[in-house]
2 protein chains.
Amino acid sequence: MVAKPAIDDLDRVIHERIRLGIVSALAASDSLTFAELKDILKTSDGNLSVHARKLEEAGYLKVSKAFEDRKPKTDYRLTPQGRKALESYLAQMEDILGTARRALGK
Amino acid sequence: MVAKPAIDDLDRVIHERIRLGIVSALAASDSLTFAELKDILKTSDGNLSVHARKLEEAGYLKVSKAFEDRKPKTDYRLTPQGRKALESYLAQMEDILGTARRALGK
């Protein structure tokens with residue numbers, strides 16, 4: 001029998017590398033600013049904006065914009081839906097990785 | 001302190017969904033044909049070809065073409081380098097997922 005990794009069920013919104021980084025980082029913090037996320041993910045403004053918007057459109061994160069000391073500040077936080085999606089992704093990936101690990105005999 | 005998922009170290013060749021499926025499936029079998037991989041991954045001929053070629057170019061898999069009963073048969077197998085790359089990817093992803101899981105309090 002051939003092992004079938006459950007690849008086709010994988011949440012494609014979360015799986016993308018930068019987006020996985022965003023949701024993982026937000027899971028660990030109540031909220032993060034654009035600058036903090038950029039520092040964590042070591043990516044460009046444009047790249048971070050595009051991927052954050054994709055997550056926002058999926059309902060996985062909430063963006064709030066405000067001024068602090070007259071400077072614009074953008075805050076990101078995970079929505080309950082985003083948290084749930086990350087939990088499902090974790091379970092799926094652990095399943096895939098577990099199968100691969102057993103296959104490698106590790 | 002903000003948790004920093006090690007997203008920027010992640011092997012981008014393996015991380016892509018279809019390619020992860022290919023290397024995971026090949027880790028579990030000595031070799032697989034194009035038709036078997038297509039069946040496992042539920043993807044199109046074009047998509048599978050493109051991603052298999054990318055893995056071949058990275059040195060992660062070896063392709064052999066032959067004729068069987070006058071029909072062309074393409075076989076794929078993981079190279080030692082591909083096996084090693086999958087092992088590293090597993091370790092990195094387990095680290096990222098573990099951090100996310102602790103963050104979610106699960």
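Every value quoted in this text rests on a predicted model; they were computed, and no experiment measured them.

Engineer: Tell me about the overall build of chain A, residues and numbers included.
Structural biologist: A count of helical and extended segments in chain A gives 5 helices and 3 strands. If you list the helices and strands of chain A from N to C, you get α-α-β-α-α-β-β-α. Over its C-alpha trace chain A gives a radius of gyration of 16 Å, far above what one expects of a compact globule, namely 13 Å for 106 residues. Oriented by its inertia axes, the alpha-carbon framework of chain A measures out at about 65 × 25 × 20 Å. Buried positions account for 34% of the 106 residues belonging to chain A.

Engineer: Which residues make up the relation of the copies chain A and chain B, and what values go with them?
Structural biologist: Of the two same-sequence chains, chain A is brought onto chain B (RMSD 0.0 Å, axial shift 0.0 Å) by a rotation of 180 degrees. Taken together, these values place the two copies in the relation of a two-fold axis. A shared interface surface links the copies, since 100% of the contact residues of chain A are contact residues in chain B too.

Engineer: Can you lay out the pairing of strand β3 (residues 71–78) of chain B for me, pointing to particular residues and giving the numbers?
Structural biologist: Residues and elements named next belong to chain B. As judged from the 2 bridges shared by strand β1 (residues 32–33) and β3, these two strands associate in the antiparallel manner. From the neighbouring strand, L32 faces β3, where its bridge partner is Y76. Both strand β2 (residues 61–68) and β3 contribute to a ladder of 8 bridges, which runs antiparallel. Note on β3: the bridge partner recorded for K65 is T74. In sequence, β2 turns back onto β3 through a hairpin of 2 residues, with D69 there showing a positive phi of about 50 degrees.

Engineer: Residue-level account of the sheet that holds strand β2 (residues 61–68) of chain A, with values.
Structural biologist: All names here are of chain A. Strand order across the open sheet formed by 3 strands is β1-β3-β2, with antiparallel pairing between neighbours. Edge positions in the sheet fall to β1 (32–33) and β2, since each of these pairs with one other strand and no more. The strands touched by helix α2 (residues 17–27) are β1, β2 and β3 (71–78); relative to β3, the strand with the most contacts, the crossing angle is about 85 degrees.

Engineer: Could you give me a rundown of the sheet that holds β2(B), with the residues and numbers involved?
Structural biologist: Across a sheet, paired strands are connected by hydrogen bonds in the backbone, their directions being either parallel or antiparallel. Residues and elements named next belong to chain B. Taken in spatial order, the 3 strands make up an open sheet running β1-β3-β2, and their pairing is antiparallel. Whereas interior strands pair on both sides, the edge strands pair on one side only; in this sheet they are β1 and β2. Strands in contact with helix α2 (residues 17–27) are β1, β2 and β3; relative to β3, the strand with the most contacts, it is inclined by about 85 degrees.

Engineer: Describe unusual backbone geometry, listing the residues and the values that go with them.
Structural biologist: Residues and elements named next belong to chain A. The backbone of D69 sits at a positive phi, close to 55 degrees, despite the residue not being glycine. Tracing the sequence through the fold places D69 in the loop between β2 and β3. On the neighbour-count criterion, D69 (5 C-beta atoms within 10 Å) is exposed.

Thresholds applied
- Residues numbered from 1 in each chain as written.
- Chains lettered and ligands numbered in written order.
- Predicted model: local features only at pLDDT ≥ 70, side-chain atom pairs only at ≥ 80, totals over all residues.
- Helix = DSSP H or I, 4+ residues; strand = E, 2+ residues; numbered from the N terminus.
- Rg over C-alpha atoms; globule rule 2.2 N^0.38 Å.
- Buried ≥ 20, exposed ≤ 12 C-beta atoms within 10 Å, placed from the backbone.
- Least-squares fit on C-alpha atoms with pLDDT ≥ 70 in both.
- Contact = placed C-beta atoms within 7 Å.
- Pairing = 2+ DSSP bridges.
- Axes fitted to C-alpha atoms, helices over the stretch in contact; angles between N-to-C directions.

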